[in-house]
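# Reading the structure
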Amino acid sequence: MKHIVVLISGNGSNLQAIIDACKQKKINGTISAVFSNKAEAFGLERAREAGIAAHALAASEFASREAFDRQLMQEIDAYAPDVVVLAGYMRILSPAFVARYSGRLLNIHPSLLPKYPGLHTHRQVLENGDEEHGTSVHFVTDELDGGPVILQAKVPVFEGDDEDDVTARVQHQEHAIYPLVVSWFLEDRLKMRHNAAWLDGVQLPPQGYAAE
C-alpha cells in the first residue's frame, strides 16, 4: 500500500475528497498523516474522524521558515510518503522542502494557470470580467504556482456571480480532479521529468492532460 501525506491550512475540503476516494478504492493508497500550520484548521478534525494521524506545527515556535520546514520534513519523513499532497496549504515552501520532495509534491491552485498565480484568484476573475475560470493540479517547483500543470478543469463565470458562487463551482471540480491525479501518481502513470509532466509515457502540454 502506498502512502500519502497531506498538508493543509484550513477547511480541508480537498483533503476530504481524497479521504473519500481512498475509502472507495478509487485511490490505491492510504493517507498516513495530515499536517497543518494552523492548529484550529478544520481539516485536522476531518483527519481525526477518519482515523488519520493529525499534526499541527506553529510557525511562531520556529526562528525561520527554513527551521519550520526542517522540522516539518523530519515529521513527514517518519511516514515515508510516496507522495506529498498540498491541499489548501497556505505557506510558501522553502527551496530545501521543494527539493526534498521534488517529483512527488503535488498542489492544486484555484485558477487556470499560468493565469492568476498567488492569492485571491476568484476576486481577480470577477474584477477582470473573465467568462471562464477553473482550477489546476500541478507539480510543485521553486516557482510559486509555476510547476508543470497536470490537469485543469474549467468552469463558466456568469453575470451576477459573486466570489461564493465562483468558489463553489471551482471546488466542485477540484474535488473531482485532485483525487484522480493522486491516483495516477500512485499507479506510477504520472511523472515529472525535465520540468514537464508526463502521463503514461507521454509529455503533457503546458495546460496539462486533455488540453485543447
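Scroll up to find the structure this text is about.
Let me sum up the structure you'll find in this document. (Residues numbered from 1 in each chain as written. Predicted model: local features only at pLDDT ≥ 70, side-chain atom pairs only at ≥ 80, totals over all residues. Heavy atoms only, no water.)

## Some points on helix α1 (residues 13–23)
Defined as follows: For every residue, the accessible area (1.4 Å probe, protein chains only) is compared with the maximum for its type, and the residue is labelled buried under 20%, exposed over 50%, or partly exposed between those bounds. Helix numbering and strand numbering both begin at the N terminus, where a helix is a DSSP run of H or I of at least 4 residues and a strand a DSSP run of E of at least 2. Contacts are assigned to residue pairs that have any heavy atoms within 4.5 Å of one another.
The buried fraction of α1 is high, at eight of 11 residues. Listed as buried for α1 are S13, N14, L15, A17, I18, I19, A21 and C22. Considering only its buried residues, α1 is in contact with β1 (2–8), β2 (29–36), α2 (42–49), β4 (83–86), β5 (105–109) and α6 (163–186). Looking one or two places after α1, you find K25, whose phi comes out positive at around 65 degrees.

## Let's talk about the nonpolar core
Put simply, the rule is: Here, the term nonpolar core denotes a set of buried Ala, Val, Leu, Ile, Met, Phe, Trp, Tyr and Cys residues that are joined through side-chain atoms within 4.5 Å.
In terms of nonpolar packing, the biggest core is built from 36 residues, with I4, V6, I31, V34, I150, Y178 and V182 touching the most fellow members. Per-element tally for this core: the top contributor is α6, with seven residues. If near-sequence neighbours (up to four positions away) are discounted, Y178 is found in contact with N14, I18, V85, L86, A87, L106, N107, I108 and V137. With 18 residues, the next largest nonpolar core counts A33, L72, V98 and Y101 among its residues.

## Examining the packing of α1 against α6
Selection rule: Only C-alpha atoms enter the line fits that serve as axes; for helices the fit covers just the stretch in contact. Angles between N-to-C directions range over 0 to 180 degrees. We call two directions roughly parallel when the angle between them is under 35 degrees, roughly antiparallel when it is over 145, roughly perpendicular when it lies between 65 and 115, and oblique otherwise. Each helix crossing is assigned a hand: it is left-handed if the near helix lies turned anticlockwise from the far helix by less than a right angle, otherwise right-handed if that turn is clockwise. Residues were grouped as follows: Ala, Val, Leu, Ile, Met, Phe, Trp, Tyr, Cys and Pro as nonpolar; Asp, Glu, Lys and Arg as charged; and all remaining residues, including Gly, as polar.
Viewed as axis vectors pointing N to C, α1 and α6 meet at an angle of 50 degrees, and their least axial separation amounts to 9 Å. When the interaxial angle is binned, α1 and α6 end up oblique. For α1 against α6, the interelement crossing comes out right-handed. Here S13, N14, A17, I18 and A21 of α1 come into contact with α6, specifically with Q171, E174, H175, Y178, P179 and V182. Residues of the contact of α1 with α6, tallied by class, amount to six nonpolar, four polar and one charged.

## Remarks on the sheet that holds strand β3 (residues 53–56)
Going by this rule: Two strands qualify as a pair provided that DSSP identifies no fewer than 2 bridges between them.
Taken together, seven strands build an open sheet; the order of strands is β3-β2-β1-β4-β5-β6-β7 and the sheet is mixed. The sheet is open, and its two edges are formed by β3 and β7 (149–156), each paired on a single side. Taken pair by pair, the neighbouring strands of this sheet meet at an average axis angle of 20 degrees, ignoring direction. Sheet analysis places β4 next to β5, joined by three bridges and oriented parallel. In the strand pairing of β5, L86 is matched with N107. Against the sheet, α2 contacts β1, β2 and β3, and its axis sits at roughly 155 degrees relative to β3.

These values are about where atoms sit, not about what they do.
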